[in-house]
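# Chains, contacts and geometry: an overview
Letter by letter, the chains look like this.
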Amino acid sequence: MASSSPLPPPAPPRSPSPSGEKKSDPERQDDYTKPDLEDGQQQDPASSSTLEILDPKAESALLHKLDSVFVPIIMLVYLSCFLDRSNIGNVKVAGMPEDINATPAQFSTAVSIFYATYVAFEAPWAILLKRLTPRVTLTTLCVVWSLTTIFSGFITNIGGLYAARLVLGACEGGLFPGLNLYLTMVYKREEQARRVSYLFVCTAIAGAFGGLLAYLILKMDGVGGQAGWRWVYIIEGIFSVLIGALVWFALPNDPTEAYFLNEDEKRMMRVRARQRAQYMGSEDFSWEEIRYALKDTKLWLSGAIQFCQDILLFGFSTFLPSIIQSMGHDSVEAQYLTIPVYITGGLFFMALAFLSDKISVRGPLVAFANVFGILGYILIICPTSNGVKFFGTFLCAAAVYSGPGLNLTWLNVNVAPHYRRAAAIGFQQTMANTAGIVAGQIYREKPYLLGNAFSLAALVVAEFLIAGLWLYIRSCNRKKEKISRGEIEDTRKVKTGDGALDFKYHL
């Protein structure tokens, strides 16, 4: 009998991993171990195929092109939204309460009632955005709130103001989470903070030039027999209608097939989409992902932080003209003195957002920005000169946009896939924007000691919550590392999306 060839020794068994085979994190190439592949390829997290690695210069050029189209559209939409929302602070000092026979308490209620529908509709609009398509959803919301703003110029009593504010809240409640969610459909995790900063810069621009615009429009007092504050609503509402038309014609539903991209750029967008497959997830709606989001500790801590930050955002941005007026300035001076304050806040946030993306650090920068706000409110509250108090508003402005913006980004980049993130963003904003109801009640009478003290306390509480969320996320990352090394058993209930072992949370 012929002798058989000797068999090769069997390959050593692979050490079992509690989570199965380890995948690559498609969002941060430095957060995972790459398999041995040919140059120019990386492992596709969704399959066993390989993905092209894009040329950094070509991808950078693509990002600049995306920014040149998406950013102006998104900024204009949010600018018009915030102008329509916050102009109630400008018309307050222009005589609207007296013209419609509203008491200070009634007018404060009108400010607060906006958030009753605002918070109720945020999560539903965020979840429905992809199903209804971004173009239909955002255009419809924009047109309806714009018409409501125009009609606000013809209000004659407090009941009409209540009704208008409720409709505005229902429509505008879907805008910020919708725009924020749209950005996650276009940009990678490490690219998002600076784009979110553009939204908050719009808030600053609306605050700064909203006051200037209101000042100029108020010069129309008496034109057509109408009070100046009525023209503020009418003209700003017409501007918003035009923006709604722009959204319909210029915002693509599918960013990977955007009309302004050439074929090579569309190919790069498809590669980027496959690289982000784990972050984006399935296109199919899933109630299970909604349930996962609602059980996520990150959501509830983030929502609590955002609530505290939004006490400052809504109170400061709505009542800054009144706060400055309480320092001894007349209504006209109060309008234009807000401009440098808002610009300072917007520029500070942009700088911090660029740094945040560069180093992929979120929580500590939120806490850092809040320190300025705490110092600012102390200066405003204490018996200091009006000049010192005015300087304090600049310090507050540093925290006004940076805190809410970076905290929202912190949640964005740490929740996956799409529908889980949509639910998380919507519910976080729902919790946070109840702060608007509070802000309307704490800023009632000059010199607004209650409102300023409450805002200071909210920032202090936020610092403790930020520390708690940072420690929780760090523990999650460390637990994943131990599971990957086989040191502990994987007993977690959620192991998909951001629960995957190779998904590294940003701290």
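Since we're looking at a predicted model, the values are computed, not measured.

### Considerations on the overall build of the protein
A count of helices and strands for the protein gives 18 helices and two strands. The 507 residues of the protein split such that 56% are buried. Residue pairs at least 24 apart in sequence account for 79% of intrachain contacts in the protein once pairs closer than 6 positions are excluded.

### Focus: the environment of cysteine 396
Tracing the sequence through the fold places cysteine 396 in helix α15 (residues 386–412). Put simply, cysteine 396 and phenylalanine 316 are 80 residues apart on the chain and 8.3 Å apart in space, counted from C-alpha to C-alpha. Contacts of cysteine 396, omitting those with residues within four sequence positions, involve Leu312, Phe316, Phe372, Gly373, Gly376, Tyr377 and Ile380.

### Things to note about the packing of aromatic side chains
Applying the stated criterion to the full structure yields 17 aromatic pairs. On the numbers, 5.2 Å between centres and 35 degrees between planes, the contact of phenylalanine 114 with tyrosine 118 is tilted. Residue phenylalanine 114 and its partner tyrosine 118 are located together in helix α3 (residues 104–132), separated by four residues, close to a single helical turn. The class of tyrosine 118 is buried, set by a relative accessible area of 1%. Both rings, one in phenylalanine 390 and one in phenylalanine 394, keep their centres 5.2 Å apart while their planes meet at 85 degrees; by these two values the pair is edge-to-face. With phenylalanine 390 and phenylalanine 394 both in helix α15 and four residues apart, the pair spans about one turn of that helix. The buried category is assigned to phenylalanine 390, whose relative accessible area is 18%. An aromatic cluster is built from Phe70, Tyr182, Tyr259 and Phe260, whose rings are joined through pairwise contacts. Just above the ring of tryptophan 248 sits the side chain of arginine 135; from NZ or CZ to the centre is 5.7 Å.

### As for the pattern of salt bridges
Pairing between side chains of opposite charge can happen when the charged atoms of each approach one another. Here the structure, examined in full by the defined rule, presents 16 salt bridges. A salt bridge links aspartate 498 to lysine 298, with the shortest nitrogen-to-oxygen separation between them at 3.3 Å. Of this pair, aspartate 498 sits in the segment after α18 (449–484) while lysine 298 sits in helix α12 (residues 297–325), and the two are 200 residues apart along the sequence. An identical accessibility class is assigned to aspartate 498 and lysine 298; each is buried.

### A closer look at a nonpolar patch on the surface
A cluster of nonpolar side chains, Ile205, Phe209, Ile343 and Leu347, forms an exposed patch at the surface whose accessible area comes to about 340 Å². Elements supplying a minimum of two residues to the nonpolar patch: α7 (192–217) and α13 (331–359). Within the secondary structure, leucine 347 is located in helix α13.

### Digging into the nonpolar core
By size, the foremost hydrophobic cluster in this structure holds 131 residues, and its most contacted members are Leu66, Phe70, Tyr78, Trp145, Leu161 and Phe316. If near-sequence neighbours (up to four positions away) are discounted, leucine 161 is found in contact with Met96, Ile100, Phe107, Ala110, Ile155 and Tyr233.

### Remarks on the confidence of the model for the protein
A residue-level look at the protein finds 89% of positions with pLDDT of 70 or above and a mean pLDDT of 85. Low pLDDT, under 50, characterises residues 1–49; the predicted model gives this stretch 68 contacts beyond four residues in sequence or across chains.

### A look at the state of the cysteines
This structure, assessed with the given rule, holds zero disulfides. In this structure cysteine 171 is a free cysteine whose sulfur lies 9.6 Å from that of cysteine 142, the closest cysteine sulfur available. Given the relative accessible area of 9%, cysteine 171 is considered buried.

### A look at the packing of helix α1 (residues 56–92) against α12
Relative to each other, α1 and α12 sit at 35 degrees, their axes nearing to 7 Å. For the element pair α1 and α12, the recorded crossing hand is right-handed. Side by side, α1 and α12 meet where Phe82, Arg85, Ile88, Gly89, Asn90 and Lys92 of the first sit next to Phe314, Ser317, Thr318, Phe319, Pro321 and Ser322 of the second.

### Let's talk about helix α16 (residues 418–433)
Given 3.6 residues per turn, any residue in an α-helix points the same way as the ones three and four places further on. In a regular helix each residue adds 1.5 Å, so 16 residues correspond to 22 Å; α16 covers 22 Å between its end C-alpha atoms and thus fits that length. With 14 of 16 residues buried, α16 lies mostly within the body of the structure.

### Here's the deal with unusual backbone geometry
Along the chain, alanine 416 connects to proline 417 via a cis peptide bond; the corresponding omega equals 5 degrees. Within the secondary structure layout, proline 417 lies in the loop between α15 and α16. Positive phi, close to 55 degrees, is recorded for serine 360, a residue that is not glycine. Residue position: serine 360 is located in the loop between α13 and α14 (363–381).

### Comments concerning helix α4 (residues 134–152)
Between the first and last C-alpha of α4 there are 27 Å, a value that for 19 residues agrees with the 27 Å anticipated at 1.5 Å per step. Looking at the packing, one finds that the buried side of α4 touches α1, α3, α5 (158–172), α6 (175–186) and α8 (228–250).

### Brief notes about the packing of α12 against α15
Packing of α12 against α15 leaves a shortest axis separation of 9 Å and a crossing angle of 150 degrees. Relative to α15, the element α12 lies roughly antiparallel. Crossing handedness for the pair α12 and α15: left-handed. Of the residues assigned to the contact of α12 with α15, the class counts are 17 nonpolar, six polar and two charged.

### Focus: the environment of alanine 398
Along the chain, the position of alanine 398 falls in helix α15. A relative accessible area of 5% means that alanine 398 is categorised as buried. Distance in space between the C-alpha atoms of alanine 398 and isoleucine 343 is 9.8 Å, their sequence separation being 55 residues. Alanine 398 has contacts with Gly345, Phe348, Ala369 and Phe372, leaving out every residue within four places of it along the chain.

### Examining the environment of asparagine 253
Among the secondary structure elements, asparagine 253 is positioned in the loop between α8 and α9 (263–275). Between the C-alpha atom of asparagine 253 and that of tyrosine 182, which follows or precedes it by 71 residues, the distance is 9.2 Å.

About the cut-offs
- Residues numbered from 1 in each chain as written.
- Predicted model: local features only at pLDDT ≥ 70, side-chain atom pairs only at ≥ 80, totals over all residues.
- Heavy atoms only, no water.
- Helix = DSSP H or I, 4+ residues; strand = E, 2+ residues; numbered from the N terminus.
- Buried < 20%, exposed > 50% of the residue type's maximum accessible area, 1.4 Å probe, protein only.
- Contact = heavy atoms within 4.5 Å.
- Phe/Tyr/Trp six-rings, centres within 6.5 Å; stacked < 30°, edge-to-face > 60°.
- Lys NZ or Arg CZ within 6 Å of the ring centre and 35° of its normal.
- Salt bridge = Lys/Arg side-chain N within 4 Å of Asp/Glu carboxyl O.
- Patch = residues over 30% accessible without salt bridge, like charges linked within 9 Å, V, L, I, M, F, W, Y side chains within 5 Å.
- Areas by Shrake-Rupley, 256 points an atom, 1.4 Å probe, with all protein chains shown as cover.
- Core = buried A, V, L, I, M, F, W, Y, C linked by side-chain atoms within 4.5 Å.
- pLDDT = per-residue confidence, 0-100.
- Disulfide = S-S within 2.5 Å.
- Axes fitted to C-alpha atoms, helices over the stretch in contact; angles between N-to-C directions.
- Left-handed = near helix turned anticlockwise from the far one by under 90°.
- Expected span 1.5 Å × (residues − 1).
- Parallel < 35°, antiparallel > 145°, perpendicular 65-115°, else oblique.
- Nonpolar A, V, L, I, M, F, W, Y, C, P; charged D, E, K, R; others polar.

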